[in-house]
Amino acid sequence: MSTFLKIVLVEPSLILRSGMSYVLRRLTTFDVQVVETGEPEQLEELIAEAAPDVLIINPSLTDEEMLRELQQKSLRLIAFQSVLADARLMQRFDAVVSIYDTAEQIKEKLRSVCNSRDGEALQELLSAREKEIIVGVVKGLTNKQIAERLFISAHTVITHRRNIAAKLQIHSPAGLTIYAIVNKLVELNDVKNTIYSNEEQ
């Protein structure tokens, strides 16, 4: 089943814009709807009307303040690069697509951006307390030890762990450990002993 993606594409060059739009519409894995413009002045109106998931834009049309405002709208931002650009500015984008990229490379970058934002969305679903519970679990603490550290009952810890499993669809300490490391809830050094002890069991 294809993932539906609504994309706003902003590129002044008609040739580059038409070529990128053509490639995007032919991508497998994604069902893409592209709204395109060569006029950056139309960007705010297009975002309001189209409510896109992704904005692909020529970075020369942007600045740091503009990108900060766009990020606050929870947009995935991809730079469409045809010439050299300010390296510091490019770091503010979720990904960079070059005019030399193949269709497969563009598809992988879209997938990567979508997956990273999905992970962020899952983190936002977790409460601060649930994140504390995860940290306790991956450090090898028992429900009782977690409860004592957080000044709550063991029953409450168990309830939180059920909620975490339901939200993340992760049902093992090993799975939670991977999740916690990837999402920077803990450092690898903090849980090395737990990982080794799990491997020995």
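Right, let's walk through the structure included here. (Residues numbered from 1 in each chain as written. Predicted model: local features only at pLDDT ≥ 70, side-chain atom pairs only at ≥ 80, totals over all residues. Heavy atoms only, no water.)

Description of the side chain of Thr177
Next, step 1: You can see Thr177 is positioned in helix α9 (residues 173–182).
Next, step 2: A polar side-chain atom of Thr177 sits 2.8 Å from the main-chain carbonyl oxygen of Pro173. (Helix = DSSP H or I, 4+ residues; strand = E, 2+ residues; numbered from the N terminus. Polar contact = N/O pair within 3.5 Å; in protein donor to acceptor, adjacent residues only side chain to side chain.)

Some thoughts on the pattern of salt bridges
Next, step 1: Evaluation of the coordinates by the stated rule reveals eight salt bridges.
Next, step 2: The partner of Arg25 in a salt bridge is Glu36, and the shortest N-O contact between them spans 3.7 Å. Residue Arg25 is found in helix α1 (residues 14–25), and its partner Glu36 is found in strand β2 (residues 30–37); the two are separated by 11 residues along the sequence.
Next, step 3: On the basis of relative accessibility, which here comes to 47%, the residue Arg25 falls in the partly exposed class.
Next, step 4: A salt bridge links Arg88 to Glu64; the nearest nitrogen and oxygen atoms lie 3.1 Å apart. Note that Arg88 is positioned in helix α4 (residues 87–90) and Glu64 in helix α3 (residues 64–71), a separation of 24 residues in sequence.
Next, step 5: Taking the relative accessible area as the measure of exposure, Arg88 reaches 57% and is therefore exposed.
Next, step 6: We classify Glu64 as partly exposed; its relative accessible area is 24%.
Next, step 7: What you see here is one network of salt bridges that share partners, running through Arg17, Arg25 and Glu36. (Salt bridge = Lys/Arg side-chain N within 4 Å of Asp/Glu carboxyl O. Buried < 20%, exposed > 50% of the residue type's maximum accessible area, 1.4 Å probe, protein only.)

Points about a negative patch on the surface
Next, step 1: Taken together, the side chains of Glu44, Asp63, Glu65 and Glu69 present a region of like negative charge at the surface.
Next, step 2: Along the chain, Glu44 turns up in helix α2 (residues 43–50). (Patch = residues over 30% accessible without salt bridge, like charges linked within 9 Å, V, L, I, M, F, W, Y side chains within 5 Å. Areas by Shrake-Rupley, 256 points an atom, 1.4 Å probe, with all protein chains shown as cover. Lys, Arg positive; Asp, Glu negative; His and termini not counted. Charge placed at Lys NZ, Arg CZ, Asp CG, Glu CD.)

Observations regarding the packing of helix α6 (residues 128–138) against helix α8 (residues 154–168)
Next, step 1: Between α6 and α8, whose axes approach to 10 Å, the crossing angle comes to 95 degrees. The orientation of α6 with respect to α8, classified from their angle, is roughly perpendicular. On α8, the residues that touch Arg129, Glu130, Ile133, Ile134 and Val137 of α6 are Val157, His160, Arg161, Asn163, Ile164, Lys167 and Leu168.
Next, step 2: A per-class count over the contact of α6 with α8 returns six nonpolar, two polar and four charged. (Axes fitted to C-alpha atoms, helices over the stretch in contact; angles between N-to-C directions. Parallel < 35°, antiparallel > 145°, perpendicular 65-115°, else oblique. Contact = heavy atoms within 4.5 Å. Nonpolar A, V, L, I, M, F, W, Y, C, P; charged D, E, K, R; others polar.)

The quantities given are spatial measurements derived from coordinates; they are silent on function.
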